[in-house]
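Coordinate analysis (summary)
Here's the letter readout for the chains.
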Amino acid sequence: MIPFILLMLFTYMLRRVFRSARGSSRVGTCLAAVLGLVSAVAQAQSLPVVVGSPGLSASYYRGYFYDQASFFTATAPAIVNRPVEQLNFAEAENDNFQVGNVATYYEPNKPDEFSARFQGQLCVTTAGDYTFYLGSDDAAYVWLDNGAQPVAFNKGDSFPYREMQGTCTLAAGLHTLRVDYGEHGGSQGLVLEYSGPNMPKQLIPNGVLYNQNVVAIRPTLMHFDAAALATSQQVALSWKTAAEENSTGFVIQKSTDGKAFTDLLRQPGGATSTEARSYDAIDPQPATGWNYYRLQQLRSDRAPVYS
Ligand SMILES: [Ca+2]
Ligand SMILES: [Ca+2]
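Residues numbered from 1 in each chain as written. Chains lettered and ligands numbered in written order. Predicted model: local features only at pLDDT ≥ 70, side-chain atom pairs only at ≥ 80, totals over all residues. Heavy atoms only, no water.

**Here's the deal with the coordination of the calcium ion (ligand 1)**
Worth spelling out the cut-off: For Na, K and Ca the donor cutoff is 3.2 Å, while for all other metals N, O and S atoms must lie within 2.8 Å; water is not among the atoms, so some sites may look incomplete. Burial classification: accessible surface area is computed with a 1.4 Å probe over protein chains only, and a residue below 20% of its type maximum counts as buried, one above 50% as exposed, and the rest as partly exposed.
The calcium ion (ligand 1) binds to the protein through Pro111 (O), Asp112 (OD), Glu183 (OE), Gly186 (O) and Gln188 (OE1); the donor distances cover 2.0 to 2.3 Å. On the primary sequence, the residues serving as donors to the calcium ion (ligand 1) are separated as P-D-x70-E-x2-G-x1-Q. Distance-wise, the calcium ion (ligand 2) is placed 5.0 Å from the calcium ion (ligand 1), both being coordinated by Glu183. Judged by its relative accessible area of 0%, Glu183 falls in the buried class. With a relative accessible area of 45%, Gly186 lands in the partly exposed category.

**What about the nonpolar core?**
Note the threshold: Remark: nonpolar core denotes a set of buried residues (Ala, Val, Leu, Ile, Met, Phe, Trp, Tyr, Cys) joined through side-chain atoms within 4.5 Å. Secondary structure elements follow DSSP: runs of H or I no shorter than four residues count as helices, runs of E no shorter than two count as strands, and numbering proceeds from the N terminus. The contact definition used throughout considers only heavy atoms, calling two residues in contact when any of these lie within 4.5 Å.
One finds Tyr60, Phe118, Leu122, Phe132 and Leu190 to be the most contacted residues of the largest nonpolar core, which totals 36 residues. At the level of elements, strand 4 (56-62), strand 5 (79-84), strand 9 (114-124), strand 10 (128-137), strand 11 (140-144), strand 13 (162-170), strand 14 (173-183) and strand 15 (188-196) are the ones that each hand at least two residues to this core. It is strand 9 that provides the largest number of residues to this core, a total of five residues. Setting aside residues up to four positions removed in sequence, Leu190 forms contacts with Leu87, Asn88, Phe89, Phe97, Phe118, Leu134, Gly135, Ser136, Ala140, Tyr161, Val179 and Tyr181. Core analysis: the next-biggest nonpolar cluster, separate from the first, contains 13 residues, Leu221, Phe224, Leu237 and Leu265 among them.

**Considerations on the sheet that holds strand 19 (residues 221-229)**
Sheet strands pair via backbone hydrogen bonds, and the direction of the pair is either parallel or antiparallel. Counted only if it meets this: Any two strands between which DSSP finds at least two bridges are classified as paired. Lines fitted to the C-alpha atoms define the axes, with helices restricted to the stretch that makes contact. Angles between their N-to-C directions range from 0 to 180 degrees.
Reading across from one edge, 19-20-23 is the order of the three strands in this open sheet, with antiparallel pairing throughout. With one partner strand each, in any of the chains shown, strand 19 and strand 23 (277-283) form the two edges of the open sheet. Put simply, the sheet's adjacent strands are angled 15 degrees from each other on average, direction ignored. Taken together, the eight bridges between strand 19 and strand 20 (residues 234-241) define a ladder with antiparallel strand orientation. Each bridged residue has a counterpart across the sheet, and for Ala227 the counterpart in strand 20 is Ala236.

**Topic: the pattern of salt bridges**
Inclusion rule: Throughout this description, the term salt bridge denotes a Lys or Arg side-chain nitrogen within 4 Å of a carboxyl oxygen of Asp or Glu.
Enumeration over the complete set of coordinates arrives at eight salt bridges. A salt bridge links Lys201 to Glu163, with the shortest nitrogen-to-oxygen separation between them at 3.1 Å. One end of the pair, Lys201, is in strand 16 (residues 199-203); the other, Glu163, is in strand 13, and 38 residues separate them in sequence. Judged by its relative accessible area of 39%, Lys201 is partly exposed. For the salt bridge of Asp263 with Arg266, the shortest nitrogen-to-oxygen distance reads 3.3 Å. With a relative accessible area of 44%, Asp263 lands in the partly exposed category. Each of Glu93, Glu107 and Lys110 takes part in a single network of salt bridges with overlapping partners.

**Examining the pairing of strand 20**
Side chains Val235, Leu237, Trp239 and Thr241 of strand 20 all project onto a buried face; the interleaved residues Gln234, Ala236, Ser238 and Lys240 project onto a face where none is buried. Once strand 19 ends, the chain turns through four residues before running back antiparallel as strand 20, passing Gln233 with a positive phi of about 55 degrees. Pairing analysis gives seven bridges linking strand 20 to strand 23, with the strands arranged antiparallel. Bridging from a neighbouring strand, Thr241 pairs with Arg277 of strand 23.

**Structural notes on the coordination of the calcium ion (ligand 2)**
Binding of the calcium ion (ligand 2) to the protein goes through Asp137 (OD), Asp138 (OD), Glu183 (OE), Gly185 (O) and Ser187 (O), at separations of 2.2 to 2.5 Å. Summarised as a motif, the one-chain spacing of the donors to the calcium ion (ligand 2) is D-D-x44-E-x1-G-x1-S.

**Focus: the pairing of strand 14**
The buried fraction of strand 14 is high, at ten of eleven residues. Inspection of the sheet shows strand 11 paired to strand 14 by five bridges, in the antiparallel sense. Looking across to strand 14, one finds that Val142 is bridged to Val179.

**Focus on the packing of aromatic side chains**
Keep this limit in mind: Two rings from Phe, Tyr or Trp (for Trp, the six-membered ring) form a pair when their centres are within 6.5 Å of each other. A pair whose planes differ by under 30 degrees is stacked, one over 60 is edge-to-face, and the rest are tilted. Charge-over-ring placement is defined geometrically: NZ (Lys) or CZ (Arg) within 6 Å of the ring centre, and within 35 degrees of the ring normal.
Under the defined criterion, the tally for this structure stands at 21 aromatic pairs. Considering the side-chain rings of Trp239 and Phe250, the 5.6 Å spacing of their centres and the 65 degrees angle between planes classify their relative orientation as edge-to-face. Highlighted residues: Trp239 in strand 20 and Phe250 in strand 21 (residues 244-255), separated in sequence by eleven residues. Among the aromatic side chains, those forming a connected cluster through ring pairs are Tyr61, Tyr64, Phe65, Tyr66, Phe71, Phe72, Tyr141, Trp143 and Phe153. In this structure, Arg178 is placed above the aromatic ring of Trp143, and the distance from its NZ or CZ to the ring centre is 4.1 Å. A cation over a ring is seen here: Lys201 above Tyr133, with NZ or CZ 4.6 Å from the ring centre.

Okay, here's the thing in structure tokens:
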């Protein structure tokens, strides 16, 4: 389904000059800064490619933390590193956190007295001011980049679900995110939303959250080159990735005017890989004159959108 395929990035443009003259041809290639697409490449390459598991990692603890962050280091977790796609635990009385016997049950089917620490990284694609909206019942705190102070917090003991907010300036890239939470009785809930530059308030999506298993951050595309094969009058295309995440494949697109591109060929990608991978392909029938090539990477996951 197209909406889930991110046709992005790596719009390295190459052009090929083809001069024909009676039995001989002279061919050259060079990078072409056309249509502003090269600048789009620079943006894509400057952002991190994260290899890791989308979402946050959660540890759950017996007992309420009473607004003390030290609780989470002094107490052994009952559930360790459970993947959590996003913080979207709507206020409820049933076991919406799925903590089971980690909680204390003062009433049947109504879990109380447990705490949780959610950790991971938040990927920001546009630098600017971001406001975080923390809804919780009961207390919760949001820390970014291991700051000494929480960005937003709901301090207190037992209270109905409520929302507090805080604003901070974030650079593009990854930011360490930690949320401490505790349920002290009655119903419970935890929801984390944000808004930012040209982005309305919304639930922080799973696609921008990565847990602590992130193992690599590096540009994915190392090069994309074209070389004319004078003897066969074909064009050899090659590219190399430093890392790939949920890469389903590549599409080489071709154009004779640098504006209208059509698919030339496709190749499968390397799925998720932290190893450098090299690819090559042939354009068997380049047009006489200028030939423009564009490389697109297809992704099928919920990864950050680089644009
Ligand atoms: Ca409860
Ligand atoms: Ca409560």
